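The chain contents come next:
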Amino acid sequence: MHGRLKVRSSEEQEEAQRREKAEKVRVYRELSGKIYAKRSAGDLDDEALMLTRSMLSDNPDIGTLWNYRREILEAKIPTLSEDAATELCSRELSLLEYCLRVNPKSYGAWLHRQWVLEHTPRPDWKKEKALCNLFLNYDERNCKV
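Calculation notes
- Residues numbered from 1 in each chain as written.
- Predicted model: local features only at pLDDT ≥ 70, side-chain atom pairs only at ≥ 80, totals over all residues.
- Heavy atoms only, no water.
- Helix = DSSP H or I, 4+ residues; strand = E, 2+ residues; numbered from the N terminus.
- Buried < 20%, exposed > 50% of the residue type's maximum accessible area, 1.4 Å probe, protein only.
- Areas by Shrake-Rupley, 256 points an atom, 1.4 Å probe, with all protein chains shown as cover.
- Contact = heavy atoms within 4.5 Å.
- 1 Å grid on protein atoms, 1.4 Å probe; cavity = no way out; pocket = protein on both sides within 12 Å on 5 of 7 lines; lining within 4 Å.
- Points joined across faces, edges and corners; volume = space filled by probe spheres on them.
- Nonpolar A, V, L, I, M, F, W, Y, C, P; charged D, E, K, R; others polar.
- Core = buried A, V, L, I, M, F, W, Y, C linked by side-chain atoms within 4.5 Å.
- Expected span 1.5 Å × (residues − 1).
- Polar contact = N/O pair within 3.5 Å; in protein donor to acceptor, adjacent residues only side chain to side chain.

Which parts of the structure should I look at to understand the overall build of the chain?
Regarding its fold elements, the chain presents six helices and zero strands. Expressed as a percentage of its 145 residues, the buried residues of the chain come to 30%. For the chain, the computed accessible surface area is about 10,300 Å², with 52% contributed by carbon and sulfur atoms.

Rendered as structure tokens:
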């Protein structure tokens with residue numbers, strides 16, 4: 001950050017950080033490979049929702065994964081009862097709320113949230129308004145309130 005001196009790390013700390021980063025990259029590549037293989041195969045199942053949830057929880061800015069989740073939900077929602085569809089959408093909105101806490105300015109997450117609300121049988125608009133107000137107040141640069 002500005003005005004702060006860089007504290008030099010020991011070689012051991014740097015090596016540990018390098019190994020940790022390399023492991024994160026390996027896990028990311030493995031997980032993304034599984035997800036893209038499932039999407040290519042046309043799998044619209046719960047495992048795909050679980051895998052994409054895992055990746056989006058760490059990085060909500062991967063628009064392709066939000067699109068894949070939408071495809072899965074588009075296939076699932078019409079086959080469910082109204083109560084089950086509402087529950088599924090509610091879980092999706094909870095994931096989105098978590099992701100927006102990771103990055104409140106994630107356009108992909110906001111667009112997916114809009115889509116989910118449009119396809120929720122009984123959306124809770126009061127809760128949605130309160131959530132939007134909360135996120136607007138997170139950043140003092142939001143001057144268009």
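Structure's up, so let's keep going.
Is there a simple way to explain the side chain of Ser 57 in this structure?
Residue placement: Ser 57 occurs in helix α2 (residues 46–58). Note on Ser 57: relative accessible area 17%, which makes it buried. Among residues more than four places away in sequence, those in contact with Ser 57 are Leu 95, Tyr 98, Cys 99 and Val 102.

Can you walk me through the layout of surface pockets in this structure?
Empty space among the atoms becomes apparent when a probe as large as a water molecule is rolled across them. Empty space within the second largest pocket amounts to approximately 200 Å³. Lining the second largest pocket are 14 residues, and of these Ser 90, Leu 93, Leu 117, Asp 124 and Lys 127 lie nearest its centre. Those elements that place two or more of their residues in the lining of the second largest pocket are α4 (82–102), α5 (107–119) and α6 (125–138). With six residues, α4 is the largest single contributor of residues to the lining of the second largest pocket. In terms of residue class, the lining of the second largest pocket is built from four nonpolar, four polar and six charged.

Please explain the nonpolar core as it appears in this structure.
The nonpolar side chains of a soluble globular protein tend to be buried, and buried together. If you look at the biggest cluster of nonpolar residues, it comprises 28 residues, and the most contacted ones within it are Ile 35, Trp 66, Ile 77 and Val 116. Counting only elements with at least two residues in this core, the list comes to α1 (11–40), α2, α3 (63–76), α4, α5 and α6. For this core, the element with the highest residue contribution is α4, accounting for eight residues. Excluding residues within four positions of it along the chain, Val 116 makes contact with Leu 73, Cys 89, Glu 92, Leu 93 and Leu 96.

Any chance you could explain α4 here in plain terms?
Compared with an ideal rise of 1.5 Å per residue, which puts 21 residues at 30 Å, α4 spans 30 Å between its outermost C-alpha atoms and is within 8% of the ideal. All of the buried residues in α4 are Ala 85, Thr 86, Leu 88, Cys 89, Glu 92, Leu 93, Leu 95, Leu 96, Glu 97, Cys 99 and Leu 100.

Could you clarify how one ought to interpret the side chain of Ser 106 in this entry?
Here Ser 106 lies in the loop between α4 and α5. Looking at Ser 106, the relative accessible area reads 0%, which means it is buried. Among the polar contacts made by the side chain of Ser 106, one reaches the side chain of Asp 61 at a distance of 2.9 Å. With residues up to four places along the chain from it excluded, the contact list for Ser 106 reads Pro 60, Asp 61 and Leu 100.

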